[in-house]
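Per-entry structural report
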Amino acid sequence: MLFYLCRIFDDGKNIRMGTVRGVMMRKKVVRQSLSEQAYALIIDKIRKGELKPGDRINIEEFAKEIGVSRTPMREAVNRLIQNGFLESKLNVGPSVAEYNRKETMDLIETNTILNEEGLKLVFQNPISPKLKKKIREIVEKQKQFMEEGKEQDFYLYSMEFHYRLIEECPNEKLKKLAMDVQMQLGIWVYQYQEDEKIRQISLNEHQQLNILLQEEKKKEFLELLRRHNEKPLEFFKNINEDL
């Protein structure tokens, strides 16, 4: 069974799976097309750090791994290129996208804007008890993984925190766009969170955001979320131009 993006159980029963263009739905892999399964496989490897920026994608090897022909694998690769996760260079073939510093910073700024605008729509209504419960559970898991030194699990739940917020957006077009950008940014979040101090800061801010959400302090939540999402800008300003 393939897990798309991260292995998170919903209410202890269903496993959240991903579909085309980053729309997260609760489906079993057996109901996905072969192309969608191939798409999910590559995304999963990118998100786990098994594929890093610049790594080449061998279509034939991946096709064998998932047990499909090269045709659905090529279809998946083409969609991943369109969605910004992969890139194709002349005489090289597809590889995991490499953004320069400016492109990464643009991605962070875009993500910040989309997240805020989506949540403004969400906050037009009372915050659902289900969202409060999920965010609280995610933050508790992050704290647990931080204490246990489980960096990969911490990272996955760190991203899940943001996915859950995006999923609440009632505007489907905005939701899809925000999810795509958040997932593209996820390629670099793992690098950003390699420093334990950064992980602790991220956890502290998620804990504060959780409190504000539980208390329905919407304005304060949006202000802190904006600062939280913009924080990586300084990190990427100070690293090599070629990343």
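Preceding this section is the structure that the text describes.
These numbers were taken from a predicted model, which means no experiment stands behind them. (Residues numbered from 1 in each chain as written. Predicted model: local features only at pLDDT ≥ 70, side-chain atom pairs only at ≥ 80, totals over all residues. Heavy atoms only, no water.)

Looking only at helices and strands, the chain has 10 helices and 6 strands in total. Across the chain, every contact between residues at least 6 apart in sequence was considered, and the portion connecting residues at least 24 apart equals 67%. On the chain, roughly 12,200 Å² of surface is accessible, and the fraction owed to carbon and sulfur atoms is 48%. (Helix = DSSP H or I, 4+ residues; strand = E, 2+ residues; numbered from the N terminus. Contact = heavy atoms within 4.5 Å. Areas by Shrake-Rupley, 256 points an atom, 1.4 Å probe, with all protein chains shown as cover.)

Throughout the structure, instances matching the rule amount to 2 aromatic pairs. Seen in terms of ring centroids, F123 and F221 are 5.6 Å apart; in terms of plane orientation they differ by 75°. Their pairing is edge-to-face. Here F221 lies in helix α9 (residues 218-230) and F123 lies in the loop between α4 (101-122) and α5 (129-148), a separation of 98 residues in the sequence. By the burial criterion, F123 is buried, and F221 matches it. (Phe/Tyr/Trp six-rings, centres within 6.5 Å; stacked < 30°, edge-to-face > 60°. Buried < 20%, exposed > 50% of the residue type's maximum accessible area, 1.4 Å probe, protein only.)

Quick look at α5 now. Owing to its 3.6 residues per turn, the α-helix aligns residues three or four sequence positions apart on the same side. The terminal C-alpha atoms of α5, which comprises 20 residues, lie 29 Å apart, in line with the 28 Å expected from a rise of 1.5 Å per residue. Here α5 has its buried residues at L131, K132, K134, I135, I138, V139, Q142, F145 and M146. Projected down its long axis, α5 carries its buried residues within an arc of 165°, all on one side. Residues of α5 that are exposed and angled more than 90 degrees away from the buried face: P129 and E147. Phi turns positive one or two residues past the end of α5, at G149, with a value near 70°. (Expected span 1.5 Å × (residues − 1). Arc of directions from axis to C-beta.)

The next point concerns the pairing of strand β6 (residues 93-96). Where strand β5 (residues 86-89) meets β6, 4 bridges bridge the pair, whose relative direction is antiparallel. If you follow S88 over to β6, its bridge partner there is P94. (Pairing = 2+ DSSP bridges.)

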